[in-house]
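The chain contents come next:
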Amino acid sequence: MKRRVMIVDDSRLVRVQLEDALAGTDYEVAAYCRSGEDAIARYAEVAPDLVTMDIIMQGMDGIDAAEIILKEHPDARIVMVSSLAYEDTFERARKIGARGFVDKPFYQEQLLKVFEEALA
């Protein structure tokens with residue numbers, strides 16, 4: 001059975017890139033959210049195995065959204081996917097409980113490796 005991924009990113013291009021990267025793998029896109037607020041509202045309904053979370057989005061940023069999801073669902077597995085590859089950003093994401101970090105632009109092997117680590 002495929003693992004269900006909820007993509008949270010305001011970029012349609014990134015959505016397509018993630019869908020392409022996951023094609024033919026053990027993962028399927030279960031839901032797509034364009035904002036942190038939408039991800040928070042839909043998390044329980046979608047019940048994903050893994051969430052990819054952008055950081056910079058309109059409204060609430062991805063780290064704040066991830067923190068709220070993790071407070072409500074401590075077993076959530078969230079991987080930050082962002083072009084903000086700064087040590088303080090990594091540290092903030094780790095502190096709130098993010099399971100991994102993938103830099104944009106990403107490639108399939110990197111993505112799958114981080115996913116497996118996040119689910120281990």
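In the block above lies the structure referred to throughout.
Residues numbered from 1 in each chain as written. Predicted model: local features only at pLDDT ≥ 70, side-chain atom pairs only at ≥ 80, totals over all residues. Heavy atoms only, no water.

*Asks:* Is there a simple way to think about the overall build of the protein in this case?
*Replies:* Within the protein, the secondary structure is distributed over five helices and five strands. Tracing the protein from N to C terminus, the helices and strands come up as β-α-β-α-β-α-β-α-β-α. On C-alpha atoms alone, the protein measures out to a radius of gyration of 13 Å, which is about the 14 Å that the 2.2 N^0.38 rule sets for 120 residues. Its C-alpha atoms give the protein principal-axis dimensions of roughly 30 × 30 × 30 Å. Going through the 120 residues of the protein one by one, you find that 46% of them count as buried. (Helix = DSSP H or I, 4+ residues; strand = E, 2+ residues; numbered from the N terminus. Rg over C-alpha atoms; globule rule 2.2 N^0.38 Å. Buried < 20%, exposed > 50% of the residue type's maximum accessible area, 1.4 Å probe, protein only.)

*Asks:* How should I be thinking about the packing of aromatic side chains in this particular structure?
*Replies:* What characterises a pair of aromatic rings is the spacing of the ring centres plus the angle enclosed by the ring planes. Counted under the stated rule, the structure contains two aromatic pairs. Ring geometry for Tyr 27 versus Phe 115: centroids 5.1 Å apart, planes at 75 degrees, classification edge-to-face. One end of the pair, Tyr 27, is in strand S2 (residues 27-33); the other, Phe 115, is in helix H5 (residues 108-119), and 88 residues separate them in sequence. This pair shows no difference in class: Tyr 27 is buried, exactly as Phe 115 is. Here the aromatic rings of Phe 90 and Phe 101 are separated by 4.2 Å at their centres, their planes lie at 85 degrees, and the arrangement is edge-to-face. With Phe 90 in helix H4 (residues 87-96) and Phe 101 in strand S5 (residues 100-103), this pair connects stretches of sequence that are 11 residues apart. (Phe/Tyr/Trp six-rings, centres within 6.5 Å; stacked < 30°, edge-to-face > 60°.)

*Asks:* Whenever I open this one, the packing of helix H1 (residues 12-22) against H5 confuses me. Can you help?
*Replies:* If you want to describe how two helices pack, look at the angle between their axes and the distance between the axes. Relative to each other, H1 and H5 sit at 80 degrees, their axes nearing to 10 Å. Relative to H5, H1 is oriented roughly perpendicular. Counted together, Leu 18, Ala 21 and Leu 22 of H1 and Gln 108, Leu 111, Leu 112 and Phe 115 of H5 form the full contact between these two elements. Considered class by class, the residues forming the contact of H1 with H5 number six nonpolar, one polar and no charged. (Axes fitted to C-alpha atoms, helices over the stretch in contact; angles between N-to-C directions. Parallel < 35°, antiparallel > 145°, perpendicular 65-115°, else oblique. Contact = heavy atoms within 4.5 Å. Nonpolar A, V, L, I, M, F, W, Y, C, P; charged D, E, K, R; others polar.)

*Asks:* Is there a simple way to explain the side chain of Ser 35 in this structure?
*Replies:* Assignment of secondary structure puts Ser 35 in the loop between S2 and helix H2 (36-46). Among the polar contacts made by the side chain of Ser 35, one reaches the main-chain amide nitrogen of Asp 38 at a distance of 3.0 Å. The contact partners of Ser 35, leaving out residues within four places of it in the chain, are Val 8 and Met 57. (Polar contact = N/O pair within 3.5 Å; in protein donor to acceptor, adjacent residues only side chain to side chain.)

*Asks:* Quick question: what am I supposed to make of the pattern of salt bridges here?
*Replies:* Side chains that differ in charge, positive against negative, can pair when their charged atoms come close. Scanning the model with the defined rule gives seven salt bridges in all. Residue Asp 64 pairs with Arg 92 through a salt bridge whose shortest N-O separation is 2.8 Å. With a gap of 28 residues between them, Asp 64 in helix H3 (residues 62-72) and Arg 92 in helix H4 connect regions that are remote in the sequence. Residue Asp 64 is classed as partly exposed on the basis of its relative accessible area, which comes to 31%. Across the salt bridge formed by Glu 117 and Lys 113, the nearest N and O atoms sit 3.1 Å from each other. With Glu 117 and Lys 113 both in helix H5 and four residues apart, this pair spans about one turn of that helix. What makes Lys 113 exposed here is its relative accessible area of 54%. When salt bridges that share partners are traced, they join Asp 9, Asp 54 and Lys 104 into one network. (Salt bridge = Lys/Arg side-chain N within 4 Å of Asp/Glu carboxyl O.)

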